[in-house]
Amino acid sequence: KASAHPPAAWCTRDARAGDRVALRVGGSFVLRDTPAALYVAGGVGINPLYSMLRAHCDRAPPRRAALLYTAQRHDELLFTAQLSRLAQRLPGHTRFRLGATREPSSAAAPPLPGAGRLDGRIGDAALEEALRWLGCEPNEVREGSAVPWMAESVAREPGTASE
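Residues numbered from 1 in each chain as written. Predicted model: local features only at pLDDT ≥ 70, side-chain atom pairs only at ≥ 80, totals over all residues. Heavy atoms only, no water.

Enquirer: Can you lay out the overall build of the protein for me, pointing to particular residues and giving the numbers?
Expert: Looking only at helices and strands, the protein has five helices and four strands in total. Along its sequence from the N terminus, the protein presents helices and strands in the succession α-β-α-β-α-β-β-α-α. The long-range fraction of contacts in the protein, counting pairs at least 24 apart against all pairs at least 6 apart in sequence, stands at 58%. Carbon together with sulfur atoms contributes 53% to the accessible area of the protein, which is approximately 10,600 Å² in total. (Helix = DSSP H or I, 4+ residues; strand = E, 2+ residues; numbered from the N terminus. Contact = heavy atoms within 4.5 Å. Areas by Shrake-Rupley, 256 points an atom, 1.4 Å probe, with all protein chains shown as cover.)

Enquirer: Before we move on, can you summarise unusual backbone geometry with the specific residues and values?
Expert: Residue Pro61 follows Ala60 across a cis peptide bond; omega there is -5°. Relative to the helices and strands, Pro61 is located in the loop between α2 (46-58) and β2 (64-71). Here Phe79, not a glycine, exhibits a phi torsion of approximately 60°, which is positive. By the secondary structure assignment, Phe79 is in the loop between β2 and α3 (80-89). Taking the relative accessible area as the measure of exposure, Phe79 reaches 24% and is therefore partly exposed. (Buried < 20%, exposed > 50% of the residue type's maximum accessible area, 1.4 Å probe, protein only.)

Next comes the structure, spelled out in C-alpha coordinates:
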(Lines give C-alpha, C1' and ligand atoms only; values in the text may rest on other atoms or scores of the structure.)
Protein backbone atom coordinates (compact mmCIF):
# COMPACT_ATOMS: atom_id res chain seq x y z
CA LYS A 1 0.00 0.00 0.00
CA ALA A 2 1.47 3.33 -1.02
CA SER A 3 1.54 6.34 1.28
CA ALA A 4 1.80 10.07 0.60
CA HIS A 5 3.76 10.56 3.86
CA PRO A 6 7.27 11.58 2.64
CA PRO A 7 9.38 8.95 4.46
CA ALA A 8 6.95 6.14 3.60
CA ALA A 9 6.60 7.37 0.01
CA TRP A 10 10.38 7.33 -0.39
CA CYS A 11 10.54 3.76 0.95
CA THR A 12 7.80 2.45 -1.35
CA ARG A 13 8.49 4.55 -4.47
CA ASP A 14 12.11 5.70 -4.58
CA ALA A 15 14.27 3.48 -2.37
CA ARG A 16 16.47 0.92 -4.10
CA ALA A 17 18.38 -2.08 -2.79
CA GLY A 18 21.68 -0.86 -1.38
CA ASP A 19 20.45 2.64 -0.47
CA ARG A 20 21.75 3.75 2.91
CA VAL A 21 19.36 5.15 5.50
CA ALA A 22 19.82 6.67 8.94
CA LEU A 23 17.42 5.87 11.76
CA ARG A 24 16.80 7.71 14.98
CA VAL A 25 15.02 6.01 17.85
CA GLY A 26 13.56 7.95 20.73
CA GLY A 27 10.70 8.31 23.11
CA SER A 28 9.46 6.23 25.98
CA PHE A 29 7.08 3.35 25.44
CA VAL A 30 7.20 1.10 28.49
CA LEU A 31 5.31 -2.04 29.44
CA ARG A 32 4.32 -1.88 33.10
CA ASP A 33 3.70 -4.98 35.16
CA THR A 34 -0.06 -4.82 35.68
CA PRO A 35 -2.67 -7.52 36.30
CA ALA A 36 -4.72 -6.35 33.29
CA ALA A 37 -4.20 -4.11 30.26
CA LEU A 38 -6.13 -2.70 27.32
CA TYR A 39 -4.30 -2.42 24.00
CA VAL A 40 -5.81 -0.23 21.25
CA ALA A 41 -4.22 -0.19 17.80
CA GLY A 42 -4.91 0.95 14.27
CA GLY A 43 -3.08 -0.29 11.17
CA VAL A 44 0.66 -0.72 11.61
CA GLY A 45 0.32 0.76 15.10
CA ILE A 46 -0.07 -2.87 16.21
CA ASN A 47 3.69 -3.44 15.75
CA PRO A 48 4.97 -2.18 19.12
CA LEU A 49 1.81 -3.26 20.93
CA TYR A 50 2.01 -6.85 19.67
CA SER A 51 5.34 -7.48 21.38
CA MET A 52 4.08 -5.78 24.55
CA LEU A 53 0.88 -7.86 24.45
CA ARG A 54 2.88 -11.08 24.08
CA ALA A 55 5.18 -10.14 26.97
CA HIS A 56 2.16 -9.19 29.11
CA CYS A 57 0.46 -12.54 28.42
CA ASP A 58 3.65 -14.56 29.00
CA ARG A 59 4.06 -13.33 32.57
CA ALA A 60 3.14 -15.61 35.43
CA PRO A 61 0.58 -15.76 36.75
CA PRO A 62 -1.38 -15.10 33.53
CA ARG A 63 -2.64 -11.54 33.15
CA ARG A 64 -5.83 -10.36 31.48
CA ALA A 65 -5.40 -8.54 28.18
CA ALA A 66 -7.94 -6.94 25.88
CA LEU A 67 -7.06 -5.84 22.35
CA LEU A 68 -9.09 -3.58 20.06
CA TYR A 69 -7.44 -3.50 16.64
CA THR A 70 -8.59 -2.17 13.27
CA ALA A 71 -7.10 -1.56 9.84
CA GLN A 72 -8.72 -0.06 6.76
CA ARG A 73 -9.29 -3.49 5.21
CA HIS A 74 -9.40 -6.95 6.75
CA ASP A 75 -6.45 -8.16 4.67
CA GLU A 76 -4.33 -5.37 6.22
CA LEU A 77 -4.66 -6.73 9.76
CA LEU A 78 -1.23 -7.90 10.94
CA PHE A 79 -0.33 -10.78 13.27
CA THR A 80 -3.76 -12.42 12.93
CA ALA A 81 -2.45 -16.00 13.15
CA GLN A 82 -0.27 -15.14 16.14
CA LEU A 83 -3.12 -13.32 17.90
CA SER A 84 -5.41 -16.27 17.30
CA ARG A 85 -2.87 -18.69 18.82
CA LEU A 86 -2.39 -16.39 21.82
CA ALA A 87 -6.15 -16.12 22.35
CA GLN A 88 -6.54 -19.91 22.15
CA ARG A 89 -3.65 -20.46 24.58
CA LEU A 90 -5.17 -18.10 27.21
CA PRO A 91 -8.93 -18.23 26.61
CA GLY A 92 -9.99 -16.85 29.99
CA HIS A 93 -7.34 -14.16 30.01
CA THR A 94 -7.64 -12.59 26.56
CA ARG A 95 -10.36 -10.74 24.69
CA PHE A 96 -9.36 -9.65 21.19
CA ARG A 97 -11.65 -7.71 18.80
CA LEU A 98 -10.43 -7.09 15.24
CA GLY A 99 -12.08 -5.22 12.39
CA ALA A 100 -11.84 -2.99 9.34
CA THR A 101 -12.86 0.64 9.06
CA ARG A 102 -13.56 0.66 5.32
CA GLU A 103 -15.14 -2.75 4.82
CA PRO A 104 -18.18 -4.34 6.45
CA SER A 105 -17.53 -7.29 8.74
CA SER A 106 -19.42 -9.44 6.22
CA ALA A 107 -16.45 -8.93 3.83
CA ALA A 108 -14.10 -10.57 6.31
CA ALA A 109 -13.07 -14.16 6.56
CA PRO A 110 -14.66 -16.09 9.43
CA PRO A 111 -13.61 -14.69 12.81
CA LEU A 112 -10.30 -15.86 14.16
CA PRO A 113 -10.54 -18.63 16.73
CA GLY A 114 -10.48 -16.93 20.11
CA ALA A 115 -11.10 -13.44 18.68
CA GLY A 116 -14.23 -11.44 17.94
CA ARG A 117 -15.04 -8.81 15.33
CA LEU A 118 -15.33 -5.06 15.38
CA ASP A 119 -17.52 -3.18 12.93
CA GLY A 120 -15.97 0.08 11.77
CA ARG A 121 -13.92 2.33 14.00
CA ILE A 122 -13.19 1.62 17.64
CA GLY A 123 -15.87 3.51 19.54
CA ASP A 124 -17.22 4.03 23.01
CA ALA A 125 -19.16 0.73 23.07
CA ALA A 126 -16.07 -1.36 22.24
CA LEU A 127 -13.97 0.55 24.79
CA GLU A 128 -16.64 0.16 27.45
CA GLU A 129 -17.00 -3.57 26.82
CA ALA A 130 -13.23 -4.10 26.99
CA LEU A 131 -12.76 -2.01 30.13
CA ARG A 132 -15.68 -3.68 31.92
CA TRP A 133 -14.27 -7.11 30.99
CA LEU A 134 -10.94 -6.01 32.49
CA GLY A 135 -12.73 -4.98 35.68
CA CYS A 136 -12.80 -1.20 35.21
CA GLU A 137 -15.94 0.88 35.55
CA PRO A 138 -16.49 3.73 33.10
CA ASN A 139 -17.05 7.23 34.37
CA GLU A 140 -19.79 9.33 32.95
CA VAL A 141 -18.99 10.67 29.50
CA ARG A 142 -18.85 14.44 29.67
CA GLU A 143 -20.15 16.48 26.77
CA GLY A 144 -17.34 17.66 24.52
CA SER A 145 -14.82 15.26 26.05
CA ALA A 146 -12.54 13.62 23.50
CA VAL A 147 -11.73 10.78 25.90
CA PRO A 148 -14.78 9.16 27.48
CA TRP A 149 -12.82 7.60 30.35
CA MET A 150 -11.38 9.40 33.33
CA ALA A 151 -7.80 8.56 34.29
CA GLU A 152 -8.77 7.20 37.69
CA SER A 153 -11.06 4.65 36.03
CA VAL A 154 -8.17 2.82 34.39
CA ALA A 155 -5.51 3.73 36.93
CA ARG A 156 -6.99 1.79 39.81
CA GLU A 157 -6.46 -1.94 40.20
CA PRO A 158 -8.76 -3.91 37.83
CA GLY A 159 -11.51 -5.75 39.64
CA THR A 160 -11.68 -3.34 42.55
CA ALA A 161 -14.82 -1.42 43.31
CA SER A 162 -14.88 2.30 42.78
CA GLU A 163 -15.19 4.42 45.90
